[in-house]
Amino acid sequence: MDIQGLPEDTSEPSRIVKVRILEGVSLAKKDIFGASDPYVRIQLTEDDEAISSITTKTVKRSLNPKWYEDFRFRVIPASHTLTFEVFDENRLTRDDFLGLVEVPLRHVPFENDRTWNSHKEYVLRPRSSRSRVRGFLRMTIAYQREGSSDVPQNGEEEPEENEPDWEVVHAEDGRDSTDSPPSSEESQTTGMPPSHQQPPLPLGWEERQDANGRFYYVDHRNRRTQWIRPTSAVQPVAPGGVPAPTQGEQQQDEARVRYIARRHISLEDSIDNTSQPAANSLPPPTPPPRQEPQQPPPQPEPPAAASDPLGPLPAGWQMQKAASGRMFFINHNERKTTWVDPRLKPNFDELGPLPPAWEQRVHADGRAFFIDHNTRSTQWEDPRLQNPEIAGPAVPYSRDYKKKYDYFKQRLKKPSDIPNKFELKIKRTDVLEDSYRGIIAVKNPNLLKARLWIEFLGETGLDYGGVAREWFFILSREMFNPYYGLFEYSAMDNYTLQINPNSGLCNEDHLLYFKFIGRVAGMAVFHGKLLDAFFIRPFYKMMLSKHITLADMEAVDSEYYNSLLWIKENDPSDLELTFSVDEESFGETKTTDLKKDGASIPVTDDNKQEYIGLVINWRFVNRVRKQMASFMEGFNEIIPGQLLKVFDANEVELLMSGLGDINVDDWRKNTAYRGGYHANHRVIQWFWKAVLSFDTEMRSRLLQFVTGTSRVPVNGFANLYGSNGPQLFTIELWGSKESLPRAHTCFNRLDLPPYDSYYTMVDKLRTAVDNAQGFEGVD
């Protein structure tokens, strides 16, 4: 295996560190509809400058990638750092950042059965406040030993293996209690600079490192330990001939006073910050009484027993008992202490920090509640639901739109001379072709206004609204897929759709398909359903026969927009433009005149406004005139064109596609509960906590699993419709703890079993959503 990092003949003392990257867990997903392809880039740095870099293989389509790759680096422990950056590989644009871990090498242990055969979990952190990351890496990092014996590397002597956290030191242990300060070799081993770079230790003191990488100091004369590094000083003599306390003794006494005082204050359990251990401090190792020199330092509290119902503590955590008898917990990974058992809030960090002066606690029955220390009040509701960065943007309710929509629905009358329902039987695997043949063959478009009765062949679902919504959802995914050549994305960085001007080269019957798509869009509007697609703004303006302006191009093609804007604000005579445009198609460049003999008419400061208008008209209208006419022919067979004009372009987009973002707070406020569930039930609290932790795609898929569509009505969840009219999102208690959740899309209802734990519920919910396909019974 190649050794990265420094060359072998480096003049400075160095060591070889071994790195094993096992896997990533619960990584963030940047692309809403795509799959993540994560890899790790490892960089050896010194003072933020990269010395060496290497990457792992890319794992395709996984948020829990498994690499199991080993690397070796030649490093200087005191000054080098390993940085692990996780990226999502993207072949079209730059790779998406998923998080990073920085590991200073001064605290890395040596390779042995304990360190190399076990792993640590390193939480991924963002590069800036705008980065949204989650998950962690499982890795093993240790210094390599040469062979089976302790062999020095590059001029270093290897120190003794560090013992567990505490060690009893006897004068008879064979070491000279008046040894000089640690040598440069020893300081390199412990990850500290050579001792001659720091003030020397007093006589009788020794610097050591515990199993968690923390440095402590041993006073062999008084047989005690402390965290604070002592300094050499001439010991003064107090009056009466009694030696005054040394600086180390004074520091130890002050630390003991602070420690005891902090424990006493904690008994009152007040709301002041002094009621909890300091966030960035650890209890110092209390020395034994001087009158009992043989008593060893106090041992840490043993770890939780295997029979503990909460299970073992997370890696790097330790439980100890305060003087009052209250248990507190030490996080050696972050060097912090807390009163809260980490096993009771495993997902606390997934949603980000609580607002200032808020605290989360756990009730005796296991439910989480929240304390607002500003107002000295408590509540069951998570205050992070009000954070739009977590819960999603607020619902833009428009009273004018509501009036327009009510007027619009009143004018959409179902004809009286048609059957009660329109039946359509299709195969799920051939949904586009079967739907095309079934709808384009209808000679009387009024038949499509009858109640829809969709049946997927081989499935026994009865369509009371839910199956029809599912059909619109999967059909729109197929109709607007650029793979079929009818539509294309507006730009590489803007995934809104526009008509493909070259659709005739991809499909000889493309105009019939556009008429079919127009009929489907009209049916969706008539029956109150939503399409899973968003179009460019000029598309909606063309539906309303409105004029397209230069401002409409900005969101479609920013480069083209900036060019036309420059022409508008400057004299374009020097550009030698004419009233013609060049268009590249399938490798060939074609010149099109914008007006008669346009190639011979130059663009000047006097006629540039006409030129800009003709370019916009060519860009959005002329190239797709036939396709748009066929689309509107099919659409107007269902929805009269004059009736649609009560809306503007923005409202037509909302009418056809609904809201793209999901506001979890609005969702929760407009949810009903049945069967024994209520808003403060423990399982319901877990459910909304899980929804908050989901990314945008997972929230959309959960909503589609329960309601049949991933889109939200314009005025939010209060306007959700079921088979019998308005129907709120509903959660009902059902089934056993071993059952998967199930959904009734016709009634917007989720049957949620009473699970025992948050993790079980999330796992079952994800399984149900990820594997849901098909209908059984009434939906």
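Reading the values: rules and limits
- Residues numbered from 1 in each chain as written.
- Predicted model: local features only at pLDDT ≥ 70, side-chain atom pairs only at ≥ 80, totals over all residues.
- Heavy atoms only, no water.
- Helix = DSSP H or I, 4+ residues; strand = E, 2+ residues; numbered from the N terminus.
- Expected span 1.5 Å × (residues − 1).
- Buried < 20%, exposed > 50% of the residue type's maximum accessible area, 1.4 Å probe, protein only.
- Pairing = 2+ DSSP bridges.
- Axes fitted to C-alpha atoms, helices over the stretch in contact; angles between N-to-C directions.
- Contact = heavy atoms within 4.5 Å.
- Polar contact = N/O pair within 3.5 Å; in protein donor to acceptor, adjacent residues only side chain to side chain.
- Parallel < 35°, antiparallel > 145°, perpendicular 65-115°, else oblique.
- Left-handed = near helix turned anticlockwise from the far one by under 90°.
- Nonpolar A, V, L, I, M, F, W, Y, C, P; charged D, E, K, R; others polar.

(A) Just helix H12 (residues 608–620), in detail. Between the first and last C-alpha of H12 there are 18 Å, a value that for 13 residues agrees with the 18 Å anticipated at 1.5 Å per step. All of the buried residues in H12 are Lys 608, Tyr 611, Ile 612, Val 615, Ile 616, Trp 618, Arg 619 and Phe 620.

(B) Layout of the sheet that holds strand S18 (residues 377–379). The 3 strands lie next to each other as S16-S17-S18, forming an open sheet whose pairing is antiparallel. Looking at the sheet topology across the chains shown, the edges are occupied by strand S16 (358–362) and S18. Adjacent strand axes in the sheet meet at a mean angle of 30°, parallel and antiparallel pairs treated alike.

(C) Representation of the pairing of strand S28 (residues 729–733) within the structure. Burial analysis of S28 places 4 of its 5 residues in the buried class, which makes it a mostly covered element. In this sheet, S28 lies alongside strand S25 (residues 671–674) in parallel orientation, the contact comprising 4 bridges. Counted as the bridge partner of Ala 672 is Thr 730 from S28. Relative to strand S30 (residues 749–752), S28 is paired through 4 bridges, and the arrangement is parallel. In the strand pairing of S30, Glu 732 is matched with Asp 751.

(D) Region of interest: the environment of Thr 10. Take Thr 10: it is sitting in the loop between strand S1 (3–5) and strand S2 (15–25). Measuring from C-alpha to C-alpha, the distance between Thr 10 and Val 75 comes to 9.9 Å, with 65 residues separating the pair along the chain.

(E) Structural context of unusual backbone geometry. The backbone of Tyr 68 sits at a positive phi, close to 50°, despite the residue not being glycine. Tracing the backbone shows Tyr 68 in strand S5 (residues 66–75). Tyr 68 sits in the exposed class, given a relative accessible area of 51%. Phi is positive for Ser 545, which is not a glycine, with a value near 60°. You can see Ser 545 is positioned in the loop between helix H10 (537–543) and helix H11 (558–569). Taking relative accessible area as the criterion, Ser 545 reaches 60% and is therefore assigned exposed.

(F) How the structure looks around the environment of Arg 125. Following the sequence through the fold, Arg 125 ends up in the loop between strand S8 (120–123) and strand S9 (136–143). Note: C-alpha distance between Arg 125 and Glu 85 (40 residues apart in sequence) is 9.6 Å. Apart from residues no more than four positions distant in its own chain, Arg 125 is found in contact with Phe 97, Gly 99, Leu 100, Glu 102 and Val 133. A polar atom in the side chain of Arg 125 sits 2.8 Å from the side chain of Glu 102.

(G) Just the packing of helix H17 (residues 682–693) against helix H19 (residues 758–770), in detail. Where H17 contacts H19, the axes come no closer than 10 Å and their chain directions differ by 60°. Judged by the angle between their axes, H17 and H19 are oblique. Judged by the twist between their axes, the crossing of H17 over H19 is right-handed. Between H17 and H19, the residues in contact are Val 683, Trp 686, Phe 687, Lys 689, Ala 690 and Ser 693 and Tyr 758, Met 761, Val 762 and Leu 765, respectively. The residue inventory of the contact of H17 with H19, partitioned by class, reads 8 nonpolar, 1 polar and 1 charged.

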